[in-house]
Amino acid sequence: MSISFSRNLRNAGLISAFVIAPCLAIAPGAASAMETIKAVVTAAPNVPPPITRHEAANVIVELEASEWVGKLSDDNNYKFWGFNGTVPGPMVRVMVGDTVEIHLKNKADSKESHNIDFHAVTGPGGGAAMLNTEPGQESKLRFKALSAGLYFYHCATASPSIPEHIANGMYGAILVEPVGGLKHVEKEFYVVQSEFYTKEGKKGETLEFSFENGLAEAPSHVVFNGNAQSLIKNPLKAKVGDTIRMFYINAGPNLVASWHIIGEIFDRVYMHGSLTTAPLEGLQTTLVPAGGSSMAEFKVEVPGTYLNVDHSIFRIAKGAVGLLKVEGPEQPDIYKGLK
Ligand SMILES: [Cu+2]
């Protein structure tokens, strides 16, 4: 079976699954009496401010799909597709019980139609069925956040193929906090691991997407926050004594991640981003499935530079390495070289 034939079959199945979804477009006057607020969304590695309210609200989230050429590494550019002009797309923070309105625009100069499947949504296509948006158009979806957790979102448009939309950078995170929020920590970071599948190209060229390399699960790049040098050039920073909370997404589209920070131990890992399950404690490395997440908290006790990696370790040669710099006084009781 040729690649294009199997691709068309797959698309046909997915398209029909979306078409049969019932229409739940937002009707005027249907909103409840809840307070309406506009969500603050942030580009990685930044995290929106913690939620301090205890009452559910109507939260409006504005996102825009677009397509642009940007840096994938110091050597090459890539034609990204993404949300709000960044790869990954922004992080969204809401509370369980909130009614969330997604307003998705697709920039007028886009070549493709785009949508979003939110893993936090209960309903057909995770909302994608309601958010198919042609260039220059806007679509809206209302959903109720039913379960606390750290969730992935991604484009799921079937033309030319769903994998291509994800592989080109159309993804991000939505955190659904429990009522009352998460415990205070000194630092929060948003990190997304993802693969890129490109055809071969020379230094300085804009690399092209390769569907064949995607099928072979042979990425040319495995990166954090959309660029092979992203967290090398702009390290995450903290101070001795800080507790760090990391919201870690594995966008895939294919690989399972073995997330590890060299020289640190995760004090608490909320496996798969579940915030309704007790965390595991004292972990070295944690699995993050493709299209999944993990939330980890850890106190940094010793100053120095730490490496954030996928411990499927050859991937560091493809870009899966970032820096965490911890400043503060030496702690010889915990860590000291001996003569
Ligand atoms: Cu898309």
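Residues numbered from 1 in each chain as written. Predicted model: local features only at pLDDT ≥ 70, side-chain atom pairs only at ≥ 80, totals over all residues. Heavy atoms only, no water.

What about the environment of Ala 320?
Mapped onto the elements, Ala 320 comes out in the loop between β20 (304-310) and β21 (321-327). Taking the C-alpha atoms as reference points, Ala 320 and Gly 149, separated by 171 residues in sequence, lie 25 Å from one another. The residues contacting Ala 320, other than those within four sequence positions of it, are Val 222, Phe 224, Asn 308, Val 309, Asp 310 and Arg 315. (Helix = DSSP H or I, 4+ residues; strand = E, 2+ residues; numbered from the N terminus. Contact = heavy atoms within 4.5 Å.)

Regarding the coordination of the copper ion
Every protein donor of the copper ion is accounted for by His 114 (ND1), Cys 155 (SG), His 165 (ND1) and Met 170 (SD), and the metal-donor separations fall at 2.1 to 2.4 Å. Sequence positions of the residues that donate to the copper ion give the spacing H-x40-C-x9-H-x4-M. You can see His 114 sitting in the loop between β5 (99-106) and β6 (117-118) and its partner Cys 155 sitting in the loop between β8 (149-154) and α2 (162-167), a full 41 residues away along the chain. Assessed through its relative accessible area of 0%, His 114 is described here as buried. The exposure class assigned to Cys 155 is buried, which follows from its relative accessible area of 0%. (Donors = N, O, S within 2.8 Å, 3.2 Å for Na, K, Ca; no water. Buried < 20%, exposed > 50% of the residue type's maximum accessible area, 1.4 Å probe, protein only.)

Section: the domain arrangement of the protein
Domain assignment breaks the protein into domain 1 (3-18 + 34-67 + 74-177) and domain 2 (187-327). At the junction of the two partners, domain 1 supplies 40 residues and domain 2 supplies 38 residues. Of the roughly 3000 Å² buried at the junction of domain 1 and domain 2 (both faces included), carbon and sulfur atoms supply 66%. The interface formed by domain 1 and domain 2 contains 3 salt bridges. For the interface between domain 1 and domain 2, the tally reads 15 residue pairs in polar contact (both at pLDDT 80 or more). Secondary-structure elements contributing two or more residues to the side of domain 1 that touches domain 2 are α1 (3-19), β3 (77-83), β4 (91-95), β8, α2 and β9 (171-177). Examining the composition of the side of domain 1 that touches domain 2, we find that 5 residues originate from one element, β9, more than from any other. (Domains from an automatic or database assignment. Buried area = accessible area lost by both parts, 1.4 Å probe. Salt bridge = Lys/Arg side-chain N within 4 Å of Asp/Glu carboxyl O. Polar contact = N/O pair within 3.5 Å; in protein donor to acceptor, adjacent residues only side chain to side chain.)

Points about the packing of aromatic side chains
In total, this model carries 13 aromatic pairs according to the counting rule given. Arranged with centres 5.4 Å apart and planes meeting at 70°, the rings of Tyr 78 and Phe 80 form a pair that is edge-to-face. Each member of the pair, Tyr 78 together with Phe 80, is buried. Ring centres 5.2 Å apart and planes at 45° place the aromatic pair Phe 118 and Tyr 153 in the tilted group. Taken as a pair, Phe 118 in strand β6 and Tyr 153 in strand β8 lie far apart in primary sequence, 35 residues in all. An aromatic cluster is built from Phe 224, Tyr 248, Trp 259, Phe 266 and Phe 298, whose rings are joined through pairwise contacts. (Phe/Tyr/Trp six-rings, centres within 6.5 Å; stacked < 30°, edge-to-face > 60°.)

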